[in-house]
Amino acid sequence: MAITGQRGFIQLCWMLAACVAACHPVVAQDLPSTAAAEPAAESTAPRAPATVEVKPVARDEEIRQRLERILRATGWFQASEVEVEEGVVFLNGRTRSQEYKTWAGNLAQSTRDVVAVVNRLEVAKSVWDLEPALAGLDELWSGFIYSLPFLGFGLTILFLAYAAAKLVTRGLRPILRRRIGVALLREVIVRAVGAVVFLLGLYIVLRVAGLTRLAVTVLGGTGLAGLVIGIAFRDITENFLASILLSVQQPFRAGDLVEMNGVLGMVQQLNVRTTILMTLNGNHVQIPNSTVYKSTIRNYTSNPNRREDFTVGIGYDVQIPQAQEIALQVLAEHPAVLQDPEPWVLVDGLGAGTVILRVYFWLDGSQHSWLKVKSSVIRMVKRAFQSHGVSLPDEAREVLFPEGVPVQIVDERRPPHAGGTAKAPVSEQVEQPSVAAEGGLHSEAQQIEEQARRARPPEESQDLLRPAGPTAGD
């Protein structure tokens, strides 16, 4: 068809414009297919098309209409309104996201013949918008899935470290049992070695996870934590260390008669906190090990021989050597008094009315009670002095009798009263080493041990003085 004149030229221009419009679609490629589509499922933020064309020469009204249709088609904007004046686009309305607002501004800017864009869109903020929280949870879940291989590796290494620590402790116990006789010290060493093996496994896990500084902090903090705990629980730590030292040095054993911290009794138990004594009165006494370790300990059982002494006063009219020989003879004949070391009878001083003799003698504390033997010796020495006419006067003192002293004359040749019992002369009475009132001369250790067996133990804990049997882990 021939095209002539001005009319034909205009028709040719319209045909070229239609071809250009067909080659360049107006609608953005990233727009959803339906107007109500939501952008939540998109992996990236919405993007505006490179260019938006209307006609070769677009008027303001055409630009406004085209932009309003595009905004309504997305469904992302509420009360959207577009104003165009001299190529300047004014965007009004509300949207739910800052990304949508930016997208609308880019869309208007990419439209042909648009000089400038004034983006007045408001981002509506909802109080119940859970999208940030859901995004955070999604990020946490993704991080957890990503760290699962490291978590599995770490748990495997920790399990292997724990198993290695158990094997080391189980193999170390029999070795230490042949070299260290103290059960508590063996257990402390074994547990310390096991803890070192486990901490080594923990260090490997932290290094593999990239937490090198934390690994060094953990290892360094172990010693610091021990120091802090030691300061915070100073008394408990002091008792524990004292129990280790006492079990190693063993200044006493179970059943020994000791005196410590002013308490006299038989040792019943040594545990990680206290030393338990049973006094001669049958009472349980618990003394902290730190106090025991720092106090003076008298062990009356470590050396069974024990020396006792007492004083007796004789008159000035008595020959001192004669009195000494009489007392020494009593000591030589007494069955509980030892002759090696030999007993002594020494002059201890001169009183106001008497010469004071001090009698020393030794006895076997494991066989005899020093209380009973001392009572028996005093009683027999007093009887021997009376039998040999040795006077035992009291200290001289002045006694006044304002009304005089009544005197009664007794005829010693008169036979005793028919209903009375004749008393044997003092010299004819035989003094026995032990009488019923003293309950025998034997040691009371057996009675105290029997009382201890009957008594309820004050603490259910391991006795460090007794050899421990094989543990379950051996």
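If you're wondering where the values come from, they're calculated on a predicted model, not measured in any experiment.

The rules behind these values
Residues numbered from 1 in each chain as written. Predicted model: local features only at pLDDT ≥ 70, side-chain atom pairs only at ≥ 80, totals over all residues. Heavy atoms only, no water. Helix = DSSP H or I, 4+ residues; strand = E, 2+ residues; numbered from the N terminus. Buried < 20%, exposed > 50% of the residue type's maximum accessible area, 1.4 Å probe, protein only. Contact = heavy atoms within 4.5 Å. Areas by Shrake-Rupley, 256 points an atom, 1.4 Å probe, with all protein chains shown as cover. Salt bridge = Lys/Arg side-chain N within 4 Å of Asp/Glu carboxyl O. Pairing = 2+ DSSP bridges. Patch = residues over 30% accessible without salt bridge, like charges linked within 9 Å, V, L, I, M, F, W, Y side chains within 5 Å. Expected span 1.5 Å × (residues − 1). Axes fitted to C-alpha atoms, helices over the stretch in contact; angles between N-to-C directions. Parallel < 35°, antiparallel > 145°, perpendicular 65-115°, else oblique. Left-handed = near helix turned anticlockwise from the far one by under 90°. Nonpolar A, V, L, I, M, F, W, Y, C, P; charged D, E, K, R; others polar. Arc of directions from axis to C-beta. Phe/Tyr/Trp six-rings, centres within 6.5 Å; stacked < 30°, edge-to-face > 60°. Lys NZ or Arg CZ within 6 Å of the ring centre and 35° of its normal.

We now examine the overall build of the protein. The secondary structure content of the protein amounts to 11 helices and 13 strands. The burial tally for the protein puts 29% of its 474 residues in the buried class. Across the protein, every contact between residues at least 6 apart in sequence was considered, and the portion connecting residues at least 24 apart equals 66%. When the accessible surface of the protein is totalled, it reaches about 31000 Å², and 58% of it is carbon and sulfur.

The next subject is the pattern of salt bridges. Once the charged atoms of two side chains with opposite charge are near each other, the side chains can pair. Across all of its chains, the model carries 8 salt bridges by this definition. Among the ionic pairs, Glu68 bridges to Arg64, the shortest N-O distance being 3.0 Å. Of this pair, Glu68 and Arg64 both sit in helix H2 (residues 60-74), 4 residues apart, which is roughly one turn of that helix. By relative accessible area, Glu68 is classed as buried at 12%.

It is worth spelling out the pairing of strand E6 (residues 263-270) at this point. The element E6 is extensively covered by neighbouring structure, given that 7 of its 8 residues are classed as buried. With 4 bridges joining them, strand E5 (residues 257-260) and E6 adopt antiparallel strand pairing. Pairing of Met260 across the sheet is with Val263, part of E6. Hairpin connection between E5 and E6: a loop of 2 residues separates the two successive antiparallel strands, and Asn261 in this loop has a positive phi of roughly 55°. Inspection of the sheet shows E6 paired to strand E7 (residues 274-279) by 5 bridges, in the antiparallel sense. Within the sheet, the bridge partner assigned to Met266 lies in E7 and is Met278. The antiparallel hairpin formed by E6 and E7 contains 3 residues in its connecting segment.

Here the focus is a nonpolar patch on the surface. A grouping of Trp141, Phe144, Ile145, Leu148, Leu151 and Leu155 is seen on the molecular surface, where their side chains present a nonpolar patch of about 580 Å² in accessible area. Given the relative accessible area of 38%, Phe144 is considered partly exposed.

This part is about H2. Taking 1.5 Å of rise per residue, the 15 residues of H2 would be expected to cover 21 Å, and the 22 Å separating its terminal C-alpha atoms lies within 8% of that figure. The inward-facing, buried residues of H2 contact strand E1 (77-85), strand E2 (88-95) and helix H3 (98-110). One or two residues past the end of H2 sits Gly75, with phi positive at roughly 75°.

Moving on to the packing of H2 against H3. The N-to-C vectors of H2 and H3 enclose an angle of 150°; their axes lie 11 Å apart at closest approach. Between H2 and H3, the angle is such that the two are roughly antiparallel. Crossing geometry of H2 relative to H3 is assigned as right-handed. Contacts between H2 and H3 involve Leu67, Ile70, Leu71 and Thr74 from the former and Trp103, Ala104, Leu107 and Ala108 from the latter. The residue inventory of the contact of H2 with H3, partitioned by class, reads 7 nonpolar, 1 polar and no charged.

This part is about the environment of Arg307. Assignment of secondary structure puts Arg307 in strand E10 (residues 305-314). When the C-alpha atoms of Arg307 and Trp370 are compared, they prove to be 8.6 Å apart, with 63 residues separating the residues in sequence. If we ignore the near neighbours within four places in the chain, the residues touching Arg307 are Trp344, Tyr360, Phe361 and Trp362.

The first and last C-alpha atoms of helix H9 (residues 320-333) sit 20 Å apart over 14 residues, in line with the 20 Å expected at 1.5 Å per residue. Every buried residue belonging to H9 is among Ala323, Ile326, Ala327, Val330 and Leu331, and all of these are buried. The buried residues of H9 occupy an angular sector of 135° when projected down its axis, which confines them to one face. What points out from H9, more than 90 degrees from its buried face, is the exposed set Pro321, Glu325 and Glu333. Where H9 is buried, its residues contact E10, strand E11 (337-338), strand E12 (344-350), strand E13 (355-364) and helix H10 (370-387).

What follows is about the environment of Ser387. You can see Ser387 is positioned in helix H10. Residue Ser387 is classed as partly exposed on the basis of its relative accessible area of 30%. A C-alpha to C-alpha distance of 10.0 Å links Ser387 and Ile326, two positions 61 residues apart in sequence.

Take unusual backbone geometry next. Asp340 connects to Pro341 through a cis peptide bond whose omega is 5°. Although it is not a glycine, Glu86 sits at a positive phi angle of roughly 55°. Mapped onto the fold, Glu86 is located in the loop between E1 and E2. In this structure, Gln250 is a non-glycine residue whose phi angle is positive, near 50°. Structurally, Gln250 can be placed in the loop between helix H7 (234-249) and E5.

Using the criterion set out here, one finds 5 aromatic pairs in the structure. Taking the centre distance of 6.1 Å and the plane angle of 70° together, the rings of Trp344 and Tyr360 count as edge-to-face. Separated by 16 residues along the polypeptide, Trp344 in strand E12 and Tyr360 in strand E13 bring together distant segments of the chain. An aromatic cluster is present here, built from Trp76, Tyr100 and Trp103 joined pairwise through their rings. Against the face of Trp370 rests Arg306, its NZ or CZ located 3.9 Å from the ring centre.

This paragraph deals with the pairing of E12. Inspection of the sheet shows E12 paired to E13 by 6 bridges, in the antiparallel sense. Following the sheet pairing, Val347 is matched in E13 by Leu357. Two successive antiparallel strands, E12 and E13, enclose a turn made up of 4 residues.

This part is about the packing of H9 against H10. Put simply, H9 and H10 touch, their axes get as near as 9 Å, and they point 135° apart. By the angle between their directions, the pair H9 and H10 is classed as oblique. The two elements H9 and H10 meet at a crossing, and its hand is right-handed. Within the contact between the two elements, H9 uses Ala323, Ile326, Ala327, Val330 and Leu331 and H10 uses Val377, Met380, Val381, Ala384 and Phe385. Residue composition of the contact of H9 with H10, grouped by class: 10 nonpolar, no polar and no charged.

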